Protein chains: 2
Amino acid sequence: MAVTMKDIANDLGVSVVTVSKAMRNHNDISLKTRTRVLQRIKELDYRPNLAARSLATGKSYLMGLVVPDLVHPFFSLVAKGASRVLRKKGYSLIIASSEEDPDLEIQELSQMMARNLDVYIIASAQTGPESLHRFVEQKKSLILVDRRFSSFPANYVGTDDKEIGRMATDHLIERGCRQIACIGGRDVSPAMDRLEGYKHALISHGLPVLEQFIVTRVNGDNHGDVTGFEAMNSLLRLNPCPDGVFCLNDPTAMGAMKAIAESGLRIPQDIAVIGCGNVPYASELRVPLSSVDQDCEMIGENAAKLAFSLVEGKQSMASPKTILMKPKLIP
Amino acid sequence: MAVTMKDIANDLGVSVVTVSKAMRNHNDISLKTRTRVLQRIKELDYRPNLAARSLATGKSYLMGLVVPDLVHPFFSLVAKGASRVLRKKGYSLIIASSEEDPDLEIQELSQMMARNLDVYIIASAQTGPESLHRFVEQKKSLILVDRRFSSFPANYVGTDDKEIGRMATDHLIERGCRQIACIGGRDVSPAMDRLEGYKHALISHGLPVLEQFIVTRVNGDNHGDVTGFEAMNSLLRLNPCPDGVFCLNDPTAMGAMKAIAESGLRIPQDIAVIGCGNVPYASELRVPLSSVDQDCEMIGENAAKLAFSLVEGKQSMASPKTILMKPKLIP
DNA sequence: TTGACTTACTTAAGCGGTTACTGTAGTTTG
DNA sequence: CAAACTACAGTAACCGCTTAAGTAAGTCAA
């Protein structure tokens, strides 16, 4: 078996508690003893058994991250950012992918709760906040990422999605577009907020908000390329046909661009396209894609930092904090 | 606090042990008692504290996955595949990203070892197997993924990389290329094996293996696009210049394609390019990229399954198992 | 020089489970 | 009808660590 505190204590002729305290810099231990302990710990390459520590302290030194799709660069970047911050403080990250399935998400969260994680960071695939109430009941620390629920106050880290919508639409307007369509998902907060920003931008430029130019789909983020392709085709049949399209995410934009290309129209001369998310390699696409970048890694980092202030009690769950990142236009 | 076995035992007027046994279908408990226990467990939504169980059993029901770059689709797909399999058996996955930094990897692994994970699945960023010996010493279950070390026998799940090299090169030869170059990383087993497959294919077609056509770089996988761009530029200066390029991975291929495009040559008429990895959206690129696909999710799944056979003792660390996936050509 | 404080450490208890051993009915057997 | 099982449940000990409470010395002011 691995080295335990007992081994070290025996070797040094002190009690286990002394070792425990020495290790955690309790001011109850003489410098001399502490040094001897630390010395021996190094020699034996001792590492405290975290399961035992967890049991004794009630803290697990584990944080959970549940995302709808780990393969999506957005979420893997969030994971990366969070992981980097947590690592430094000796925390580990349990990552689960819900595959955009609400039931699976609940199941994964149950698993995690059995492990008594210190903080749960969730980009939820739920349509409503119902299943999140148990976090409140069980007084578990919760941080929502990317997606939130208006009726459910909780810690939240995300991008300023309204600003994204405004920014993207403004960009198209500045490029001379006047008939601007919008394609994307529905029901999830980023989509709704971006749409609102889109409308806001149109209105403040004195342009009309036309319902037929807004194509939203449930779960439009999944298989966004298909959604984008089909939605764009339906937009192309309109008269007048849009001269600019704001796609709520990049895969959708790529689908839309494919549809435009197949129709024989040119991008961006005939129809300009802007996406959101700034997927890697966007610049290498057939037609380079303008996009709005969200600093995904920073979202992860901030979520992790917020997580610390929760476990350290600096931040209470009672007064949830919202951190919004500023988006950036990538032409 | 959360519900414990004690609560259930008290409620039912039985001992804690009875609850424990009932829960795990010990044949020591009458059907009647077992039903009562399970009933109450459901009512209270009880979940056993896994830290406690871990302490008592010595198993953590956790598996660790360390990858060099979580954002790389290859590794996130592996993670996804592994996660899916583990979930079903009640295991959770701790994921860490080493950022291609060998020291960071060692650090992450130390962290994990403190948690006594049941199996460690690693796509190692090490240049040699030295740091892996401690797994053998401490009798920890280890599975290597994607990258292996010839001098270090260990469980391994990956793709048949020689076959990839052969397949890709054959494809170029069939398309009529005769001057085939190869660009990619160095030192890591997949790169070396693919290169070997490349050479093998050339030789078996009676073509010469020209050293000046082989451009490898240390850490060529990182920032592959830059590597590919620079390497291709140097290849373009050769006379004769290659009419086909096998890039050991897709980002490299994209960099190479950029260089070719900037030089005014056409793809694939003047120079054909084939990559490896089949990145998402490859078909949407300026010039659609042929690639060799490795079923990454299956790699993850197989690694997870192998992990089970290790914890269940069906498979011993003494006789390491190697699982190679067959690659698939995506024109 | 004695009581009050410190300093440095130890002992005891418990976190929430598990395993190995004990005990007690009720049932079978010779 | 006593001996020997069997089926079911309970007791005790332990996993490795932490916290709270205790104790034995040394220090200091009165």
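Since the structure is predicted, the reported quantities are computational estimates derived from the model, not experimental observations.

### A few points about the interface of chain A and chain B
Tallying the contact residues gives 39 residues for chain A and 39 residues for chain B. Looking at the side of chain A that touches chain B, the elements with two or more residues in it are helix H4 (50-57), helix H5 (73-88), strand S2 (92-97), helix H6 (102-114) and helix H11 (250-262) of chain A. It is H5 of chain A that provides the largest number of residues to the side of chain A that touches chain B, a total of seven residues. Here the side of chain A that touches chain B is built from residues that sort into 20 nonpolar, 11 polar and eight charged.

### Things to note about the relation of the copies chain A and chain B
Take chain A, turn it by 180°, move it 0.0 Å along the axis, and it overlays chain B with an RMSD of 0.1 Å. The operation mapping one copy onto its partner corresponds to a two-fold rotation axis. Most of the interface of chain A is mirrored in chain B, where 100% of its interface residues again form contacts.

### With respect to the pairing of strand S7 (residues 214-218) of chain A
Residues and elements named next belong to chain A. Side chains Val 215 and Arg 217 project from S7 onto a buried face, and the interleaved Ile 214, Thr 216 and Val 218 project onto a face without burial. Taken together, the five bridges between strand S6 (residues 180-186) and S7 define a ladder with parallel strand orientation. Within S7, the residue paired with Ile 183 across the bridge is Val 215. This β-α-β element, S6 to helix H9 (residues 189-204) to S7, shows right-handed connectivity.

### Section: the protein's contact with DNA strand C
Not every one of the 24 residues close to DNA strand C is listed here, only the nearest: Ser 15 of chain A together with Met 5, Ser 20, Ala 52 and Ala 56 of chain B. Mapped by element, the contributors of at least two residues to the surface near DNA strand C are helix H2 (16-23) and H4 of chain A together with helix H2 (16-23) and helix H4 (50-57) of chain B. In terms of residue count, the dominant contributor to the surface near DNA strand C is H4 of chain B (five residues). When the residues that make up the surface near DNA strand C are grouped by side-chain class, the tally is 13 nonpolar, eight polar and three charged.

### Structural notes on the sheet that holds strand S9 (residues 272-276) of chain A
Residues and elements named next belong to chain A. As summarised here, the arrangement of the six strands in space is S7-S6-S8-S9-S10-S12, forming an open sheet in which the pairing is mixed. Two strands close off the open sheet at either side, each with one partner strand: S7 and strand S12 (328-330). Ignoring strand direction, the axes of neighbouring strands in this sheet form an average angle of 15°. With three bridges connecting them, strand S8 (residues 244-247) and S9 associate as parallel partners. Bridged to Phe 246 within S9 is Ile 274. Taken strand by strand, helix H8 (residues 161-174) contacts S6, S8, S9, strand S10 (290-293) and S12, and its axis lies near 160° from that of S9. Those strands touched by H9 are S6, S7, S8 and S9, and its axis lies near 165° from that of S6.

### Remarks on the protein's contact with DNA strand D
What surrounds DNA strand D is a group of 25 residues, the closest being Met 5, Ser 20, Ala 52 and Ala 56 of chain A together with Ser 15 of chain B. Listed by contribution, the elements that provide at least two residues to the surface near DNA strand D are helix H1 (5-12), H2 and H4 of chain A together with H2 and H4 of chain B. Looking at the surface near DNA strand D, the element that brings in the most residues is H4 of chain A, giving five residues. Its residues assigned to classes, the surface near DNA strand D comprises 13 nonpolar, eight polar and four charged.

### Topic: the confidence of the model for chain A
Averaged over every residue, the pLDDT of chain A is 88; residues scoring 70 or more account for 95%. Within chain A, strand S3 (residues 119-122) of chain A carries the highest mean pLDDT (96), whereas S12 of chain A carries the lowest (78).

### Regarding unusual backbone geometry
Note the cis peptide between Asn 239 of chain A and Pro 240 of chain A, where omega equals 5°. With a phi angle near 55°, Asn 25 of chain B is a residue other than glycine that sits in the positive phi range. By the element assignment, Asn 25 of chain B lies in the loop between H2 and helix H3 (31-44). With 10 C-beta atoms packed within 10 Å, Asn 25 of chain B lands in the exposed category. One non-glycine residue, Glu 99 of chain B, lies in the positive phi region at around 55°. Tracing the sequence through the fold places Glu 99 of chain B in the loop between strand S2 (92-97) and helix H6 (102-114). Take Glu 99 of chain B: there are 18 C-beta atoms within 10 Å of it, and that puts it in the partly exposed class.

### A look at the nonpolar core
Of all hydrophobic cores here, the largest spans 83 residues; its most connected members are Ile 121 of chain A together with Ile 121 of chain B. Not counting residues within four places of it along the chain, the set of residues in contact with Ile 121 of chain B comprises Met 63, Gly 64, Leu 65, Ala 82, Ile 143, Val 145, Ala 303 and Ala 307 of chain B.

### Remarks on the sheet that holds strand S9 (residues 272-276) of chain B
Residue and element names in this part refer to chain B. Strands sit in the order S7-S6-S8-S9-S10-S12 across an open sheet of six strands; the sheet is mixed. Edge strands, defined here as strands with exactly one partner in the open sheet, are strand S7 (214-218) and strand S12 (328-330). Direction aside, neighbouring strands of the sheet carry axes that sit 15° apart on average. Against the sheet, helix H8 (residues 161-174) makes contact with strand S6 (180-186), strand S8 (244-247), S9, strand S10 (290-293) and S12, and its axis sits at roughly 160° relative to S9, the strand it touches most. Most of the contacts of helix H11 (residues 250-262) go to S9, to which it runs at about 155°, and overall it touches S6, S8, S9 and S10.

Definitions and limits used
Residues numbered from 1 in each chain as written. Chains lettered and ligands numbered in written order. Predicted model: local features only at pLDDT ≥ 70, side-chain atom pairs only at ≥ 80, totals over all residues. Contact = placed C-beta atoms within 7 Å. Helix = DSSP H or I, 4+ residues; strand = E, 2+ residues; numbered from the N terminus. Nonpolar A, V, L, I, M, F, W, Y, C, P; charged D, E, K, R; others polar. Least-squares fit on C-alpha atoms with pLDDT ≥ 70 in both. Buried ≥ 20, exposed ≤ 12 C-beta atoms within 10 Å, placed from the backbone. Pairing = 2+ DSSP bridges. Right-handed = clockwise from strand over helix to strand, strands pointing away. Near = placed C-beta within 6 Å. Axes fitted to C-alpha atoms, helices over the stretch in contact; angles between N-to-C directions. pLDDT = per-residue confidence, 0-100. Core = buried A, V, L, I, M, F, W, Y, C linked by C-beta atoms within 7 Å.

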